[in-house]
Amino acid sequence: MIQHLLHIGHVSKHFGGNVAVHDVSFSVDEKQIFGLIGPNGAGKTTLFNCITGFFPATSGDLIFDNKKINNLRPDEVCRLGMARTWQRVKPLGSLTVLENVMVGAFSITNATREAEGIAREQLQMVGLTDYAAKSAGSLPIGLKKKTGTSQSAGHPSQNAASR
Ligand SMILES: Nc1ncnc2c1ncn2[C@@H]1O[C@H](COP(=O)(O)OP(=O)(O)OP(=O)(O)O)[C@@H](O)[C@H]1O
Ligand SMILES: [Mg+2]
C-alpha cells in the first residue's frame, strides 16, 4: 500500500447547520506541491484549520506521516513536522523580520544563536536578507507574506501548509 505524507479521507466540518467542508478527500506525497482552489467561502481555510488542529473535523480521517492527527492540538501537529501560514498576515509588528522568523525556529531549538542561523537561511531563501533588521510591521503585504513563509519554513517541516 502506498503511504502518503498527508492523507485527507472524506473530511467534513459542520458549524451548527453550516456545512463548511463536505466529504473532501485527497493525498499529498513528500516533496509534492499541492494546491487547493475554490471560491470565497468554499471551505479552504476551514480545512486548513482542521488539518493543523485549530478545531476538529466533524468526520473523516486526517493522517500525517502515518499518524492519525484528528484530535491533536496545533502544537502537537507542529511537533510532528507540520507548519502553516495564515490567510490574514499578522507578523509580530514590533519585532524585526529576523526576530519573527526566529520565533518559528524556536520550535526546533532553544539556542538563540542556532535559531538565528536557521532564520537567516530561511530569509536568504525567500530573498529577504536585506530586510532582516527592519520592523516586520512596516513591510508591505507581499513581504509580510514572505516573512510568514520563512517563519513556517524555519521548522523541520515535511509539509508547509499555506493558508
Ligand atoms: N469559526 C467558524 N465558525 C462558524 N462558521 C465558520 C467558521 N469558520 C468558517 N466558517 C464558515 O465556513 C464556510 C467556509 O469558510 P472558509 O473561510 O473556510 O472559506 P474559504 O474557502 O477559506 O474562503 P476565502 O476564499 O474567502 O478565504 C463559510 O460559510 C464560513 O462562514
Ligand atoms: Mg480562506
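Keep in mind the model is a prediction, meaning the values are calculated, not measured.

Mind laying out the pairing of strand β3 (residues 59-64), listing which residues take part and the relevant values?
In terms of strand pairing, strand β1 (residues 6-15) meets β3 through 5 bridges, oriented antiparallel. By the bridge assignment for β3, Ile8 is matched with Leu62. Sheet analysis places β3 next to strand β4 (residues 67-68), joined by 2 bridges and oriented antiparallel. Its bridge partner being in β4, Ile63 is matched across the sheet by Lys68. Joining the antiparallel neighbours β3 and β4 is a turn of 2 residues, in which Asp65 adopts a positive phi near 50 degrees.

I'd like a rundown of the domain arrangement of the protein, residues and numbers included.
The domain architecture assigned to the protein consists of domain 1 (6-80) and domain 2 (97-161). A C-alpha centroid distance of 25 Å is found between domain 1 and domain 2.

Can you break down the site of ligand 1 residue by residue, with the values?
Taken together, the residues surrounding ligand 1 are Phe15, Asn18, Ala20, Gly38, Asn40, Gly41, Ala42, Gly43, Lys44, Thr45, Thr46 and Gln87. For the shell around ligand 1, the secondary structure elements donating two or more residues are β2 (18-28) and α1 (44-51). The element contributing the most residues to the shell around ligand 1 is α1, with 3 residues. Considered class by class, the residues forming the shell around ligand 1 number 3 nonpolar, 8 polar and 1 charged.

Explain helix α4 (residues 112-125) residue by residue, including any values.
Between its first and last C-alpha, α4 extends 20 Å over 14 residues, near the 20 Å set by a 1.5 Å rise per residue. Turning to α4, its buried residues are Ala115, Ile118, Ala119, Gln122 and Leu123. Each buried residue of α4 sits inside an arc of 135 degrees when the element is viewed along its axis, so together they form one side. Away from its buried face by more than 90 degrees, α4 exposes Arg113 and Gln124. Looking at the buried positions of α4, the neighbouring elements they touch are α3 (97-105) and α5 (141-153).

Could you give an account of the packing of α3 against α5, with specific residues and numbers?
At their nearest, the axes of α3 and α5 sit 6 Å apart, and the two run at 35 degrees to each other. By crossing handedness, the relation of α3 to α5 is classed as right-handed. Here α3 contributes Val97, Asn100, Val101, Val103 and Gly104 to the contact with α5, which in turn contributes Thr147, Ser150, Gln151 and Ser152. Per-class residue counts for the contact of α3 with α5 are 3 nonpolar, 6 polar and no charged.

Describe the packing of α3 against α4, with residues and values.
Orientation of α3 relative to α4, taken along the N-to-C sense of each, is 115 degrees, at an axis distance of 8 Å. Taken as axis vectors, α3 and α4 run roughly perpendicular relative to one another. The two elements α3 and α4 cross, and the hand of that crossing is right-handed. Taking contact as the criterion, the partners of Val97, Leu98, Val101, Met102 and Ala105 in α3 are, on α4, Ala115, Glu116, Ile118, Ala119, Gln122 and Leu123. In the contact of α3 with α4, the residues fall into 9 nonpolar, 1 polar and 1 charged.

Cut-offs and rules
The numbering scheme is per chain: residues are counted from 1 as the chain's sequence reads. To read the labels, note that chains go from A and ligands from 1, taken in the order they are written. Confidence filtering applies because this is a predicted model: local features only for residues at pLDDT of at least 70, side-chain atom pairs given and counted only at 80 or more, and all residues used for totals across whole chains, interfaces and linings. Pairing between two strands requires that DSSP report at least two bridges joining them. In this text, helices come from DSSP runs of H or I with a minimum length of four residues, and strands from runs of E with a minimum of two, each type numbered from the N-terminal end. For every domain, the bounds stem from an assignment made automatically or drawn from a database. Only the C-beta atom matters for this test: placed from the backbone, it must lie within 6 Å of a molecule or strand for the residue to be near it. Residues were grouped as follows: Ala, Val, Leu, Ile, Met, Phe, Trp, Tyr, Cys and Pro as nonpolar; Asp, Glu, Lys and Arg as charged; and all remaining residues, including Gly, as polar. Under the convention used throughout, the expected extent of a helix is 1.5 Å for every residue step, that is, one less than its residue count. With C-beta atoms placed from the backbone, the exposure class of a residue follows from how many other C-beta atoms lie within 10 Å of its own: 20 or more, buried; 12 or fewer, exposed; in between, partly exposed. Starting at the helix axis, one direction is taken to each C-beta atom, and the arc is that of these directions. For every residue pair, C-beta atoms are placed from the backbone, and the pair is scored as a contact if these atoms sit within 7 Å. In this analysis, axes come from line fits to C-alpha atoms, helices being fitted only over the stretch in contact, and the angle between any two N-to-C directions falls in the range 0 to 180 degrees. In a left-handed crossing the near helix is turned counterclockwise from the far helix by less than a right angle, and in a right-handed crossing that turn is clockwise. Roughly parallel means an angle under 35 degrees; roughly antiparallel means over 145; roughly perpendicular covers 65 to 115; every other angle is labelled oblique.

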